[in-house]
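# Overview (structure and organization)
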Amino acid sequence: MKKIFATILAASLAAQAGVSAAEKADTADFSARVAPYAVRIGVSVVANAALTEVLKTTVHELRPDRSDNDSWPSRHVSWTATAASIVSHELYMKSPWWVLGSHLVADAMCMQRTLSNSHYPKDVLGGMLTGIVSTELGYIVGGLVYPSSRRPLPAATNDFLPSVDVTTRADFPLCGGVKGGSSRTGISTGVRATLPLSDRFGVGASAGMRSQPVYVADRYVSMIDGIGLAAGAVYYQPLPSRRWAAEARVMPGFIKNFHGKGLSRPGMSFTLDMSAGVSCALTPCLALGAEAGYSLWTLRSAVSAVTVGVFTRALF
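Predicted model only: the values in this text are computed from it and were never measured.

### What to know about the confidence of the model for the protein
For the protein, the average pLDDT comes to 89, and 90% of its residues sit at 70 or higher. By mean pLDDT, the top-scoring element of the protein is strand β3 (residues 186–196) (98), and the lowest-scoring one is helix α1 (residues 2–58) (67).

Now the structure itself:
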């Protein structure tokens, strides 16, 4: 009997030891998997909070509604851009729509802050840049602390395929505006589609919003906002590295103007956007790109502007 009890006790202790070891192994494996996420996301969030608050307390800029003097950069947009960048980093391998959806949410926040007269376009552009820089810093630190967590890009070629883009653009006026006033840095956001007709040429269409502040005698007067449609031609050129490609667009269109309190402005305007840029395929279905160009917006006098923008693209 003593031998039986001794055998049962020994088996129980061995089983308990085995379970404990397994639990420890599971815990260690869980920590190894979670720790890289915690570091890169944690550093991104902390860096964003610190950088945003330092900038807002050191840069004194009155809001358009004159409520306070911490307008630059937009805190709401900075937070949203960081969240969108984190989602894009973590989920871009699963579907390009995570990236486009995140970009669209960030753009919606940009336009909400300008349409509500809470921020100038330069404030929301600064907030978006702050959020992106903070996130990239977090992921660089995460890669240094946990090198094994770095994920190589999959093989991809940047072919000329039907695509949908989400775009964000800064507009730097050269001249023009409304009678007695001048325009300052504006923002344009939108969604555009491209349909190839051959290996090099295609057609494109876009829908979007733009916001442009107007000053009279160096004093802010109002924001002129608009929503419009455009369509035009697209030229595509593959580059030696098949992951990269160059493109050019000419997109005439029309825009419905609204807001602009106290300003003489037309209800409808003609627009012309010309741009050239490059894109890089991250996966077979996702590309990121940047572009520069020229924009014309006919208010009471034509507003011509140099434009700089970025876009995320889903390929079909």
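Back to the text.
### Side note on the pairing of strand β9 (residues 301–315)
Two faces, one strand: in a regular strand the side chains alternate between the faces of the sheet. For strand β8 (residues 286–298) and β9, the ladder comprises 13 bridges, and the chain directions are antiparallel. Bridge pairing in β9 places Tyr-294 opposite Val-306. Here β8 folds back onto β9 in antiparallel fashion, the turn holding 2 residues.

### Considerations on the side chain of His-103
Relative to the assigned elements, His-103 resides in helix α3 (residues 96–115). A distance of 2.7 Å separates polar atoms of two side chains, one belonging to His-103 and the other to Thr-168. Among the polar contacts made by the side chain of His-103, one reaches the side chain of Thr-312 at a distance of 3.1 Å. Sequence-distant contacts of His-103, defined by excluding residues within four places in its chain, comprise Val-166, Thr-167, Thr-168, Val-310, Phe-311 and Thr-312.

### Points about the environment of Ala-248
Residue placement: Ala-248 occurs in strand β6 (residues 244–259). On a C-alpha basis, the gap between Ala-248 and Gly-277 in space is 6.5 Å, while along the polypeptide they are 29 residues apart. When near neighbours in sequence (up to four residues on either side) are disregarded, Ala-248 contacts Ala-233, Val-234, Tyr-235, Ser-275 and Ala-276.

### Looking at a nonpolar patch on the surface
Where nonpolar side chains cluster on the molecular surface, the patch consists of Phe-172, Leu-174, Val-250, Met-274, Tyr-294, Val-306 and Val-308 and spans about 570 Å² of accessible area. Elements with a minimum of two residues in the nonpolar patch: β1 (163–177) and β9. With respect to the helices and strands, Val-250 occurs in strand β6. With relative accessibility at 41%, the residue Val-250 sits in the partly exposed group.

### Quick look at the packing of aromatic side chains
Enumeration over the complete set of coordinates arrives at 7 aromatic pairs. With a centroid separation of 5.8 Å and 70° between ring planes, the pair formed by Tyr-215 and Tyr-220 is classed as edge-to-face. Across the ring face of Tyr-120, the terminal group of Lys-122 is positioned such that the distance to the ring centre comes to 5.9 Å. We note Arg-192 situated over the ring of Phe-311; from NZ or CZ to the ring centre the distance is 5.0 Å.

### Some words on the side chain of Ser-134
Summarising the element assignment, Ser-134 is placed in helix α4 (residues 121–145). Residue classification places Ser-134 among the buried positions, given a relative accessible area of 1%. Within the structure, the side chain of Ser-134 is placed 2.7 Å from the backbone oxygen of Thr-130, a separation counted as a polar contact. Not counting residues within four places of it along the chain, the set of residues in contact with Ser-134 comprises Ser-44, Ala-47, Asn-48, Leu-51 and Thr-82.

Definitions and limits used
Residues numbered from 1 in each chain as written. Predicted model: local features only at pLDDT ≥ 70, side-chain atom pairs only at ≥ 80, totals over all residues. Heavy atoms only, no water. pLDDT = per-residue confidence, 0-100. Helix = DSSP H or I, 4+ residues; strand = E, 2+ residues; numbered from the N terminus. Pairing = 2+ DSSP bridges. Polar contact = N/O pair within 3.5 Å; in protein donor to acceptor, adjacent residues only side chain to side chain. Contact = heavy atoms within 4.5 Å. Patch = residues over 30% accessible without salt bridge, like charges linked within 9 Å, V, L, I, M, F, W, Y side chains within 5 Å. Areas by Shrake-Rupley, 256 points an atom, 1.4 Å probe, with all protein chains shown as cover. Salt bridge = Lys/Arg side-chain N within 4 Å of Asp/Glu carboxyl O. Buried < 20%, exposed > 50% of the residue type's maximum accessible area, 1.4 Å probe, protein only. Phe/Tyr/Trp six-rings, centres within 6.5 Å; stacked < 30°, edge-to-face > 60°. Lys NZ or Arg CZ within 6 Å of the ring centre and 35° of its normal.

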